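# Coordinates in review
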Amino acid sequence: MNMYDSARMRDALGFLGYQETDRKEEADILLLNTCHIREKASEKLFSEVGRMNEVKQARKAKGLDTLLIVAGCVVQAGGEELLRRAHAVDIAVGPQNYHRLPELVTKFNRKKGRVVVADFPAESKFDFLPETRATGASCFLAVQEGCDHFCSYCVVPYTRGCEYSRPADEILAEARRLVETGAKEIMLLGQNVNGWHGEGARDLGDIIRMMADIQGLERIRYTTSYPSEMTDNIITAHRDVPQLMPYIHLPIQSGSDAVLKAMNRQYTVREYLDIVDRFRAVRPDIAISSDFIVGFPGETDADFEGTMDVVRQVQYASSFSFKFSARPGTPASLMKNQIDERIKTERLMRLQELLLSQQKAFNVATVGKTLDVLMIEKGREKGQISGYTPYLQNTHVEGDKSNLGQIVTVRITGATATSLSGEIINPKAD
Ligand code: SAH
Ligand code: SF4
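Predicted, not measured: the structure shown is a model, and the values here were computed from it. Residue indices follow the written sequence of each chain, beginning from 1 at its first position. Chains carry letters and ligands carry numbers; both start at the beginning, A for chains and 1 for ligands, and go up in the order they are written. Totals for whole chains, interfaces and linings use all residues, but because this is a predicted model, local features are given only for residues with pLDDT of at least 70 and pairs of side-chain atoms are given and counted only at 80 or more. Note: side-chain values were computed over all heavy atoms of the structure, leaving out hydrogens and water.

A word on the environment of L82. Here L82 shows up in helix 3 (residues 73-85). Exposure is judged per residue with a 1.4 Å probe applied to protein chains only, and the accessible area is read against the type maximum: over 50% gives exposed, under 20% gives buried, and values in between give partly exposed. For L82, a relative accessible area of 1% gives the class buried. In this structure, the C-alpha to C-alpha distance between L82 and A92, residues 10 residues apart in sequence, is 8.2 Å. Contact definition: two residues touch when any of their heavy atoms are within 4.5 Å. With sequence-adjacent residues up to four places away left out, L82 is seen in contact with L45, F46, V70, V74, V75 and A92. In this text, helices come from DSSP runs of H or I with a minimum length of four residues, and strands from runs of E with a minimum of two, each type numbered from the N-terminal end.

As structure tokens, then:
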């Protein structure tokens with residue numbers, strides 16, 4: 001979501017004639033997008049602002065002015081405090097106000113002082129942001145934002161606000177534009193993407209089915225799904241829509257019903273496993289991934305073993321796992337039975353070892369097979385390019401620039417826990 005937001009902010013500043021550069025020293029605006037989800041992400045901001053300030057000061061010595069803008073959820077959670085702690089920051093803008101960037105930049109006046117904009121405006125930013133264009137073969141498209149679930153550990157409902165679903169016709173128009181400008185794959189984004197409930201369609205399943213009619217759109221993905229909001233129409237789209245990739249990110253968080261209840265997740269382990277079975281019934285090869293939190297307040301050894309058991313049952317193709325981070329303002333941060341850091345670390349290491357071995361097994365099982373790979377970028381080594389299989393495995397092959405943006409057939413010859421290698425058999429005809 002943050003990558004998508006960053007691109008939209010770049011587009012909004014494009015209104016004023018700004019262009020993206022990766023050479024900081026030539027940037028008139030330095031823009032840092034931030035994440036507030038865990039303490040680690042949030043704290044990184046201050047060291048990064050320090051580095052950006054060095055650039056700002058070096059430019060100042062040459063008589064050049066630089067605007068340092070911080071955007072994102074850290075601003076929403078406490079923009080005033082941010083300005084107090086980070087003196088170099090000129091403008092702080094929360095996630096619902098990116099459409100106001102051109103105005104903020106134009107009106108900024110050093111004499112009048114620094115600015116924080118972190119309200120929840122009545123208008124939707126999507127109505128004011130410029131039209132998107134594809135920036136590569138694989139593009140993001142935000143269909144839903146915010147969250148009404150209020151998991152007891154999570155800051156998202158406070159930083160992104162309540163759920164908002166964009167109307168179906170707006171989503172389809174943006175999808176068509178992305179394809180016209182070069183996208184072959186679209187990843188539909190939402191904090192609670194399968195809970196989409198906007199105008200013009202019954203659910204995300206309908207949106208996916210409508211997108212399947214867009215000529216030239218070869219791959220559709222979506223993330224992140226909330227287990228108990230999954231609908232049959234979405235699940236069966238994995239059977240009916242060939243463009244819908246066989247991959248589902250379905251975070252369980254914990255394999256203990258007691259912990260799920262304390263987290264305010266509205267499903268049980270049994271219900272989660274049933275959803276997994278329904279996906280596998282329509283698409284037996286589907287790759288399943290999840291997020292996990294270990295060391296949630298009150299998590300016992302038995303609760304943690306429950307998580308390990310679920311992992312053994314599901315056999316995940318990939319995953320993201322974190323130590324519980326007590327976030328200010330959330331109910332879980334105030335719970336009395338916080339878990340010792342050492343225990344959290346031990347549990348995370350055990351869980352990650354198991355998850356990584358499953359990920360490796362999943363990758364190794366594809367060796368010898370041929371898979372379609374959408375080539376996205378040049379590799380680190382000369383003559384190498386890389387892309388993604390339908391199961392979202394990062395795959396490296398020998399190839400040149402002409403293959404970028406193409407779906408090619410690759411024979412998989414090697415696998416590690418994190419990537420595949422192979423050789424192109426033939427470029428797939430478009
Ligand atoms: N809406 C998605 C998750 C969005 S946040 C969902 O409900 O699945 C991405 C992930 O960050 C979460 O799935 C969770 O695993 C992790 N996360 C969120 N808050 C956290 C916290 N306070 N401590 C540790 N991990 C957290
Ligand atoms: Fe956060 Fe996801 Fe829970 Fe919403 S559903 S509160 S985004 S973890």
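Turning our eyes to something else, we now look at the site of ligand 1. Any residue with a heavy atom positioned within 4 Å of a molecule or strand is treated as near that molecule or strand. Lining the immediate surroundings of ligand 1 are 15 residues, of which Q191, Q253, R265, D291 and S325 lie closest. Nitrogen and oxygen atoms within 3.5 Å of one another constitute a polar contact, given that in protein one can donate a hydrogen and the other can accept it, and given that sequence-neighbouring residues count only through two side-chain atoms. Note that an oxygen atom of ligand 1 is positioned 3.0 Å from one of the side-chain N or O atoms of R38. Here an oxygen atom of ligand 1 and a side-chain polar atom of D291 are 2.6 Å apart. To measure how exposed things are, a 1.4 Å probe is used in the Shrake-Rupley method; for residues, cover is taken only from the protein chains shown. Protein coverage of the free-state accessible area of ligand 1, which is 550 Å², stands at 89%. Elements that contribute at least two residues to the shell around ligand 1 include exactly strand 11 (287-294) and strand 12 (318-323).

This next bit is on the sheet that holds strand 1 (residues 29-34). Pairs of strands are assigned from DSSP output, requiring at least two bridges between the strands. Judged by pairing direction, the sheet is parallel, and its four strands sit side by side in the order 1-2-3-4 without closing on themselves. A strand with exactly one partner marks an edge of an open sheet, and here the two such strands are strand 1 and strand 4 (115-117). The average angle at which neighbouring strand axes cross in this sheet is 15 degrees, direction not considered. Pairing of strand 3 (residues 91-93) with strand 4 involves three bridges; the strand directions are parallel. Among the inter-strand pairings, I91 is bridged to a residue of strand 4, identified as V115. Running over the sheet, helix 1 (residues 2-14) touches strand 1 and strand 2 (67-72) and is turned about 155 degrees from strand 1. A fitted line through C-alpha atoms represents every axis, and for helices the fit uses only the stretch in contact; the resulting angles, taken between N-to-C directions, go from 0 to 180 degrees. Those strands touched by helix 3 are strand 1, strand 2, strand 3 and strand 4, and its axis lies near 135 degrees from that of strand 2.

What follows deals with the packing of aromatic side chains. Working definition: a ring pair exists when centres of Phe, Tyr or Trp rings (six-membered ring for Trp) sit within 6.5 Å. Plane angles under 30 degrees give stacked, over 60 give edge-to-face, the rest tilted. A full pass over the atoms with the stated rule returns eight aromatic pairs. An angle of 35 degrees between the planes, with centres 6.4 Å apart, marks the rings of Y267 and Y272 as tilted. Between F292 and Y316, the ring centres sit 5.4 Å apart and the planes meet at 90 degrees, which makes this aromatic pair edge-to-face. With a gap of 24 residues between them, F292 in strand 11 and Y316 in the loop between helix 11 (301-314) and strand 12 connect regions that are remote in the sequence. The same class applies to F292 and to Y316, which are both buried. Connected via pairs of aromatic rings, a cluster forms that spans Y153, F296 and F324. Each ring is checked for a lysine NZ or an arginine CZ that lies within 6 Å of its centre and within 35 degrees of its normal; such an atom marks a charge sitting over the ring. One Lys or Arg, R85, reaches over the ring of F46 and ends 3.7 Å from the middle of that ring.

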